[in-house]
Amino acid sequence: LEPITTISSPLFKELRKYLASEDLSNPPEAIAKAIQIMELYSKEGKHIVLELGGGTAKVAYAIAENNKDIGVITFDVYDVTHSDYGDCARDFEAGRLIAQEYPLENLVVLRADQNIFKFLPSNCIDNLLLVSPVFLQMILSAPRIKEIIKPSSGKIIVKPYKHFKHLYGDSD
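Small disclaimer: the values here were computed from a predicted structure and weren't measured. (Residues numbered from 1 in each chain as written. Predicted model: local features only at pLDDT ≥ 70, side-chain atom pairs only at ≥ 80, totals over all residues. Heavy atoms only, no water.)

Turning our eyes to something else, we now look at the overall build of the chain. Per the secondary structure count, the chain includes eight helices and five strands. The order of α-helices and β-strands along the chain, N terminus first, is α-α-β-α-β-α-α-β-β-α-α-β-α. A total of 172 residues make up the chain; the buried ones form 45% of that total. Of the contacts made within the chain by residues no fewer than 6 positions apart, 70% connect residues no fewer than 24 positions apart. As presented, the chain carries roughly 9,000 Å² of accessible surface, and 53% of it is formed by carbon and sulfur atoms. (Helix = DSSP H or I, 4+ residues; strand = E, 2+ residues; numbered from the N terminus. Buried < 20%, exposed > 50% of the residue type's maximum accessible area, 1.4 Å probe, protein only. Contact = heavy atoms within 4.5 Å. Areas by Shrake-Rupley, 256 points an atom, 1.4 Å probe, with all protein chains shown as cover.)

Another aspect to go through is a nonpolar patch on the surface. A contiguous nonpolar patch, built from L140, I156 and V158 and spanning about 210 Å² of accessible area, is present on the exposed surface. Along the chain, L140 turns up in helix α6 (residues 136-140). Residue classification places L140 among the partly exposed residues on the basis of a relative accessible area of 46%. (Patch = residues over 30% accessible without salt bridge, like charges linked within 9 Å, V, L, I, M, F, W, Y side chains within 5 Å. Salt bridge = Lys/Arg side-chain N within 4 Å of Asp/Glu carboxyl O.)

With the rule as written, the count across this model stands at three aromatic pairs. With a centroid separation of 4.9 Å and an interplanar angle of 20°, the aromatic rings of Y18 and F119 are classed as stacked. Taken together, the residues Y18 in helix α1 (residues 10-19) and F119 in the loop between β3 (107-111) and β4 (127-130) connect sequence positions 101 residues apart. Assigned by exposure class, Y18 and F119 land together as buried. Relative to F92, the ring of Y78 lies with its centre 4.2 Å away and its plane at 5°, an arrangement referred to as stacked. One end of the pair, Y78, is in the loop between β2 (71-76) and α4 (86-94); the other, F92, is in helix α4, and 14 residues separate them in sequence. Among the residues examined, Y78 registers a relative accessible area of 1% and is labelled buried. (Phe/Tyr/Trp six-rings, centres within 6.5 Å; stacked < 30°, edge-to-face > 60°.)

The next thing to look at is the sheet that holds β2. Spatial ordering of the open sheet is given by β3-β2-β1-β4-β5, a layout of five strands whose pairing is parallel. One side of each edge strand has no neighbouring strand; the edge strands of this open sheet are β3 and β5 (155-158). For this sheet, the mean angle separating the axes of adjacent strands, direction not counted, is 20°. Relative to β3, β2 runs parallel, the two sharing five bridges. Bridging across to β3, D76 finds its partner in R111. With respect to the sheet, helix α2 (residues 28-43) is in contact with β1 (48-52), β2 and β3, its orientation differing from that of β3 by roughly 130°. (Pairing = 2+ DSSP bridges. Axes fitted to C-alpha atoms, helices over the stretch in contact; angles between N-to-C directions.)

Note on strand geometry: in a regular strand, side chains alternate between the two faces of the sheet. By the criterion of burial, β3 is predominantly enclosed, with five of the five residues buried. Of the two faces of β3, the one lined by L107, V109 and R111 and the one lined by V108 and L110 are each fully buried.

Moving on to the pattern of salt bridges. Considering all chains together, one arrives at five salt bridges under this definition. K46 serves as the salt-bridge partner of E44, at 3.2 Å between the closest nitrogen and oxygen. On the accessibility criterion, K46 (30% relative accessible area) is partly exposed. With a shortest N-O distance of 2.9 Å, R111 and E93 are connected by a salt bridge. One end of the pair, R111, is in strand β3; the other, E93, is in helix α4, with 18 residues separating them in the sequence. By relative accessible area, which is 49% here, E93 ends up partly exposed.

The following block contains the structure:
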């Protein structure tokens, strides 16, 4: 992808500000790539998948690797203090997730929470993917969720993690 020179939507400026906040500490390159995927894939009529609760990013990686024409943005809170989740968060911070070590042009990993929906442009996401169904109620009540998913083709897909294991050879 070519570097972004302009941000056409004022909402992208707010998205950049949110993602760059001290609480989230996303790398500037990841922020630029997310905005670039949204701009370019939307402009070209290509699908964009937003994965909530991306964790290890293995599912997002498998989707992006096997579907080069789909833009994939995955995010998670990556909380290093979480007892069951700290290792994954530390891997994110160290750049050791598969999507960070072996980057794909159509994939980006971000630290964010459901507040990201406040900053996404209307009708920008084709599919919202949840590999952890526990987030479904939170998503359905999130601000602007109905506005960001494309009305004609958009879907919220809830597919538990175990359904994706065959894509990347995970045996746990």
